[in-house]
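Architecture and fold: a report
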Amino acid sequence: MFRNMRKLVIGGVVILALLLAACGTPAPPPAAETPAPGVTPPPAPTTAPPPPEEVTITWATIAGFYTDWAEEVARDFEAETGWNVEVVDIDFSQLYEKQVIEFVGGTGAYDIITYDVGWKAEFANSGYILPLDDYIAASDPEEIQFEDIHPAIVEGSCRWKGNVWGLPFYTFTMGYFYRCDLFEDPGEMAAFEAEYGYPLDVPQTYEQMADIAEFFHRMPGDTLKGEVLSDEFYGIGLMAGRFPHVQDEMMSIAWTWGEKLIKDDGTPGTMEPRFLEAVHLYRDQLMPHAPPGAATSAYDEVVGQMRQGMIAQTAAFYLDQWANMVKTEDEVPGSEICAATSPGAHTWVGALTLAINAGSKHPDQAWEFLKWITGPEAQRKFAEGGGSTCRLSILTDQEFLEGRRLAVGHFPVLNEVLDHEAECNFYPNYYYVPQGGKIYDEETTYFSAAASGEYSVEEAMQKLADAIEMHCAGPCEIPNDHLGADYSPVPCPYTFDKSVQMRK
Amino acid sequence: MDTAIEKAPGVGKARKRAMSDTWYAVLLITPASIIIIFFALFPLLYAIMLSFRHVDLTSAVGIGPYVGLDNYRFALNDRIFWESTRRTLTFAVCAVSIEMVFGVAIAFLLNGLRWFKGIVRSLLILPIASAPAAVGLVWRYMYHPDFGVYNGILAALGLPEQNWLGDVRLAMPSVIIFDIWQWTPFVALIVLAGLQSLPREPFEAAELDGASTWRVLRRLTLPMLAPVLTLVFVLRTIDAIRLYDVILSLSHGGPGTATETLTYYLYRISLKYFRLDIGSAIALLFLYATVVFTAVALRSMMRVQAERARRA
């Protein structure tokens with residue numbers, strides 16, 4: 001028996017040696033396959049739907065308060081149509097792979113799926129989802145009111161290669177939150193101007209954000225608004241943990257500075273000098289003034305830090321968290337939370353968007369539910385509960401906003417960001433790359449590694465560049481010709497106007 | 001003569017019983033065999049097949065053509081593979097060593113306990129009985145530098161607070177501490193069972209001869225416990241190198257890649273990037289290493305068992 005074991009061990013070592021000897025130059029990554037041929041849009045629905053009791057529409061979506069609302073609203077749809085709607089809520093960190101597993105397995109388990117802006121190109125290119133153009137054309141325009149969806153969201157989240165692939169459920173577009181009671185305290189304002197030479201106000205650049213972070217970082221025994229602190233107070237809250245949010249913060253800086261994750265020629269832009277400077281600013285000038293937990297934080301920890309009165313501001317942050325953030329005013333005496341655009345207002349602009357699974361057994365019925373829940377009526381109900389809709393008619397409805405500061409106080413700022421994106425025609429190349437979903441995960445790893453100091457900034461960004469090249473098997477394809485033959489996303493100058501804020 | 005043997009009373013019946021015993025044994029192991037075939041053997045063979053093909057489930061390729069040893073070549077030249085292997089081995093060596101030492105010590109203490117032995121034993125089971133992913137989530141909040149209880153305790157004692165899961169130097173030790181908390185009781189209970197099954201006569205004889213406690217431990221207890229210690233060491237090591245669910249809930253492999261073990265990397269490459277070709281190659285290399293380790297580790301124990309059986 002032991003002789004056999006010995007043979008097994010020796011045999012294995014020999015095979016391993018052969019493998020290592022054969023290694024030499026590692027095999028190049030397999031060449032990128034040509035994308036799957038475009039899916040022929042299905043004909044407009046003509047057949048009568050099956051009897052109501054036979055249809056269950058399964059919708060995979062992100063877990064959170066949005067899903068709680070969706071389940072409530074789905075009951076209205078069920079009552080109206082007699083169809084069943086099953087809402088499957090999945091944590092965002094697993095939403096991509098859980099849906100893709102169902103796609104590649106061809107199970108048809110989900111009729112409606114939810115995609116993030118970075119996954120749009122991949123899902124469309126791989127034939128996982130159906131184009132909606134014919135469905136939209138065959139539907140009553142009043143039911144959809146497509147022109148009511150903000151054009152920045154339509155371009156960023158819904159369109160790819162000329163087709164519409166989904167309709168937005170809600171937007172996570174980023175802005176900026178801060179303690180305006182601190183920023184408007186006369187003592188703090190005087191001290192800031194004396195130290196930095198310009199008035200304390202909403203930062204219009206990331207350098208100003210870094211100054212504010214440094215200024216408000218206080219030790220126990222220091223004063224804040226004239227009161228002596230018993231605990232350390234931090235200048236900024238950051239989402240630097242190994243979650244998808246760290247790249248949202250860092251890319252907001254890079255994009256504002258005109259840098260690109262993927263350059264116009266499809267090669268990675270992470271080693272460009274100014275890109276490296278952006279990551280250095282995050283790590284060297286913002287991280288030191290964030291709570292120690294920043295290196296493991298996701299967005300909910302930053303909300304917790306604000307509500308515990310630990311931080312003065314966020315970096316670029318999800319405006320849809322307004323309803324949570326504003327609860328700080330109940331929990332920290334004398335505090336007021338204000339929303340603004342992030343410096344330069346070039347940030348993650350997009351929505352969690354609903355699409356029809358190409359493998360759905362009930363595509364027509366799925367379409368009925370999809371257009372209903374993204375339609376004006378359901379979206380208004382969503383907004384009443386604090387949901388971040390993408391519909392212009394709601395975002396700009398002053399009557400609707402009146403008296404609803406706690407739920408939708410961020411809407412004017414959200415509209416500012418979306419308007420700026422659309423007017424500037426700024427749509428990052430990354431939004432169109434078919435390997436976007438995988439690159440998104442690599443960003444999480446290497447931006448977190450840079451932020452935590454595991455690697456130097458240069459090392460981490462080189463590794464990210466290598467990973468991008470591996471996934472794209474060379475330069476990435478960027479099918480955004482519809483934006484113009486020589487299109488390049490170039491940031492536009494922007495100054496935030498505080499008059500749009502909804503104050504306490 | 002054959003006829004005489006065949007006609008001898010009892011022989012035919014004995015032969016019939018032998019056949020029935022065989023088929024009975026087959027019948028008893030059939031359900032487990034079916035499960036093993038469908039849930040272990042078939043996936044293993046499928047993974048071997050995939051490891052020799054180009055497989056990218058999210059591209060038009062799907063399950064593509066044979067590429068020979070390219071996937072193994074890629075894995076063995078993959079920097080991330082070797083870094084995650086190094087982290088996995090670091091974790092396993094540190095965690096298992098400490099668990100063995102603490103576990104044996106606790107077992108000896110428990111063995112000498114006169115009162116509340118049952119209650120203590122029951123309490124020891126609690127960490128093992130808890131789902132690692134759920135407990136990992138709790139520990140993540142306990143480790144939190146801003147809100148966590150551990151830093152609260154350190155602050156109360158006047159000691160500097162730590163960034164347990166956020167500091168790249170402390171993140172892996174924090175995971176190791178969690179693993180030691182969860183699995184030391186397992187080692188302790190197995191070793192305790194081994195201690196309680198040892199024959200008393202040699203110890204009585206040693207006591208009569210005036211042997212010291214240390215001599216008894218070194219010359220009698222530990223050698224007699226060797227098979228149990230070897231077994232629990234192998235089981236814990238295999239479990240430790242497969243670490244995944246705790247990493248997912250505790251640290252997500254971060255900060256950066258500081259706690260990304262080989263299994264977590266395998267999850268990333270197979271279920272985030274859907275490169276089942278490279279994932280299968282890595283998994284098979286991992287399986288091979290585990291089998292070799294187990295064979296080598298158990299060799300001495302098996303030799304002793306074989307010797308005892310031969311003498312018996």
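What you see is a predicted model; the values in this text were computed from it and never measured. (Residues numbered from 1 in each chain as written. Chains lettered and ligands numbered in written order. Predicted model: local features only at pLDDT ≥ 70, side-chain atom pairs only at ≥ 80, totals over all residues.)

Thoughts on the overall build of chain B
For chain B, the count of helices and strands is 13 helices and 2 strands. Radius of gyration (C-alpha) of chain B: 26 Å, far over the 20 Å computed for a compact globule of 312 residues. If you line up chain B on its principal axes, its C-alpha atoms span 85 × 70 × 30 Å. Going through the 312 residues of chain B one by one, you find that 32% of them count as buried. (Helix = DSSP H or I, 4+ residues; strand = E, 2+ residues; numbered from the N terminus. Rg over C-alpha atoms; globule rule 2.2 N^0.38 Å. Buried ≥ 20, exposed ≤ 12 C-beta atoms within 10 Å, placed from the backbone.)

Description of the overall build of chain A
The helix and strand inventory of chain A stands at 23 helices and 12 strands. Counting across all 504 residues of chain A, residues that qualify as buried make up 50%.

Re the nonpolar core
Formed by 201 residues in total, the largest nonpolar core has its most connected members in Ile112, Ile129, Leu286 and Met461 of chain A. No other element matches helix α8 (residues 171-196) of chain B, which puts 11 residues into this core. (Core = buried A, V, L, I, M, F, W, Y, C linked by C-beta atoms within 7 Å.)

A short note on the sheet that holds strand β7 (residues 174-179) of chain A
The pairing of strands in a sheet happens through backbone hydrogen bonds and is either parallel or antiparallel. All names here are of chain A. Strand order in the open sheet formed by 3 strands is β10-β7-β11, and the pairing between neighbours is antiparallel. The open sheet has two edge strands with one neighbour each: β10 (317-318) and β11 (337-340). Relative to β10, β7 is paired through 2 bridges, and the arrangement is antiparallel. In the strand pairing of β10, methionine 174 is matched with tyrosine 318. (Pairing = 2+ DSSP bridges.)

Re the confidence of the model for chain B
Chain-level statistics for chain B give a pLDDT mean of 88 and a share of 94% at 70 or above. Low pLDDT, under 50, characterises residues 1-7 of chain B; the stretch is placed with 3 contacts to residues that sit more than four places away or in other chains. (pLDDT = per-residue confidence, 0-100. Contact = placed C-beta atoms within 7 Å.)

Looking at the confidence of the model for chain A
Looking at chain A, pLDDT values average 89 and 89% of them are 70 or higher. Of all secondary-structure elements in chain A, the lowest mean pLDDT belongs to helix α1 (residues 2-23) of chain A, at 56, while helix α10 (residues 206-216) of chain A reaches the highest, 98.

Observations regarding the domain arrangement of chain A
Accessible area lost on assembly of the parts is the figure often given for the size of an interface. Residue and element names in this part refer to chain A. Partitioning chain A into structural domains gives domain 1 (52-173 + 349-424) and domain 2 (174-347 + 427-500). Each of domain 1 and domain 2 was reduced to a C-alpha centroid, and the two centroids are 26 Å apart. Each side of the interface is counted separately: domain 1 has 31 residues, and domain 2 has 30 residues. Elements with a minimum of two residues in the side of domain 1 that touches domain 2: α3 (92-105), α4 (120-125), α7 (151-158), β6 (167-171), α20 (405-408) and α21 (411-424). Counting residues per element, the side of domain 1 that touches domain 2 draws most heavily on α21, at 7 residues. Of the residues contributing to the side of domain 1 that touches domain 2, the split by class is 15 nonpolar, 12 polar and 4 charged. (Domains from an automatic or database assignment. Nonpolar A, V, L, I, M, F, W, Y, C, P; charged D, E, K, R; others polar.)

Thoughts on helix α16 (residues 363-373) of chain A
In terms of burial, α16 of chain A is largely enclosed, as 9 of its 11 residues are buried. Taken residue by residue, α16 of chain A has Pro363, Gln365, Ala366, Trp367, Glu368, Phe369, Leu370, Lys371 and Ile373 of chain A as its buried positions.

Remarks on the environment of alanine 258 of chain B
On the secondary structure map, alanine 258 of chain B appears in the loop between α11 (245-250) and α12 (262-271). Through-space distance from the C-alpha of alanine 258 of chain B to that of glycine 62 of chain B is 32 Å; in sequence the pair is 196 residues apart. Setting aside anything within four residues of it in sequence, one finds alanine 258 of chain B in contact with Glu454 of chain A together with Val168, Ala171 and Met172 of chain B.

Focus: the pairing of strand β12 (residues 351-356) of chain A
A regular strand carries its side chains on alternate faces of the sheet. Residue and element names in this part refer to chain A. For β12, a buried count of 6 out of 6 residues is recorded, marking the element as mostly surrounded by other parts of the structure. Covered by surrounding structure in β12 are Ala351, Thr353 and Ala355 together with Leu352, Leu354 and Ile356, the residues of both alternating faces. One ladder, built from 4 bridges, connects strand β3 (residues 112-115) with β12; its direction is antiparallel. Directly across from isoleucine 113, in β12, lies its bridge partner alanine 355.

Here's the deal with the domain arrangement of chain B
All names here are of chain B. By domain assignment, chain B separates into domain 1 (2-51) and domain 2 (71-311). A C-alpha centroid distance of 37 Å is found between domain 1 and domain 2. The residue inventory of the side of domain 1 that touches domain 2, partitioned by class, reads 3 nonpolar, 1 polar and no charged.

Remarks on the pairing of β6 of chain A
Residue and element names in this part refer to chain A. Judged by how many residues are buried, β6 sits mostly within the fold: 5 of 5 residues are covered. Pairing between β6 and β12: 4 bridges, direction antiparallel. By the bridge assignment, threonine 171 is partnered in β12 with alanine 351.

What about the environment of methionine 470 of chain A?
All names here are of chain A. Summarising the element assignment, methionine 470 is placed in helix α23 (residues 457-472). For methionine 470, a count of 17 C-beta atoms within 10 Å translates into the label partly exposed. Through-space distance from the C-alpha of methionine 470 to that of serine 452 is 24 Å; in sequence the pair is 18 residues apart.

Notes on α3 of chain A
Residue and element names in this part refer to chain A. Spanning 14 residues, α3 covers 21 Å between terminal C-alpha atoms, matching the ideal 20 Å at 1.5 Å per step. All buried positions along α3 are accounted for by Leu95, Tyr96, Gln99, Val100 and Phe103. When α3 is viewed along its axis, its buried side chains cluster within an angular range of 105 degrees and face the same direction. Among the structural elements, β1 (56-62), β2 (84-90), β3 and α22 (436-452) are those in contact with the buried residues of α3. Glycine 106 lies just past α3 and shows a positive phi near 60 degrees. (Expected span 1.5 Å × (residues − 1). Arc of directions from axis to C-beta.)

A closer look at unusual backbone geometry
Between glycine 254 of chain B and the following residue, proline 255 of chain B, the backbone shows a cis peptide bond with an omega angle of 0 degrees. Tracing the chain through its elements places proline 255 of chain B in the loop between α11 and α12. Despite not being glycine, alanine 345 of chain A has its phi angle at roughly 60 degrees, a positive value. Look at phenylalanine 116 of chain B: it is not a glycine, yet its phi comes out positive at around 60 degrees. Structurally, phenylalanine 116 of chain B can be placed in the loop between α4 (79-111) and α5 (117-129).

Considerations on the packing of helix α11 (residues 245-256) of chain A against α22 of chain A
All names here are of chain A. Packing of α11 against α22 leaves a shortest axis separation of 8 Å and a crossing angle of 70 degrees. Judged by the angle between their axes, α11 and α22 are roughly perpendicular. Note on element contacts: α22 touches α11 through Glu443, Thr444, Phe447, Ser448 and Ala451, opposite Val246, Gln247 and Met250. Looking at the contact of α11 with α22 residue by residue, the classes come out as 4 nonpolar, 3 polar and 1 charged. (Axes fitted to C-alpha atoms, helices over the stretch in contact; angles between N-to-C directions. Parallel < 35°, antiparallel > 145°, perpendicular 65-115°, else oblique.)

Quick look at the environment of aspartate 231 of chain A
Position of aspartate 231 of chain A among the secondary structure elements: in the loop between β9 (227-228) and α11. Separated by 55 residues in sequence, aspartate 231 of chain A and tyrosine 176 of chain A have C-alpha atoms that sit 24 Å apart.

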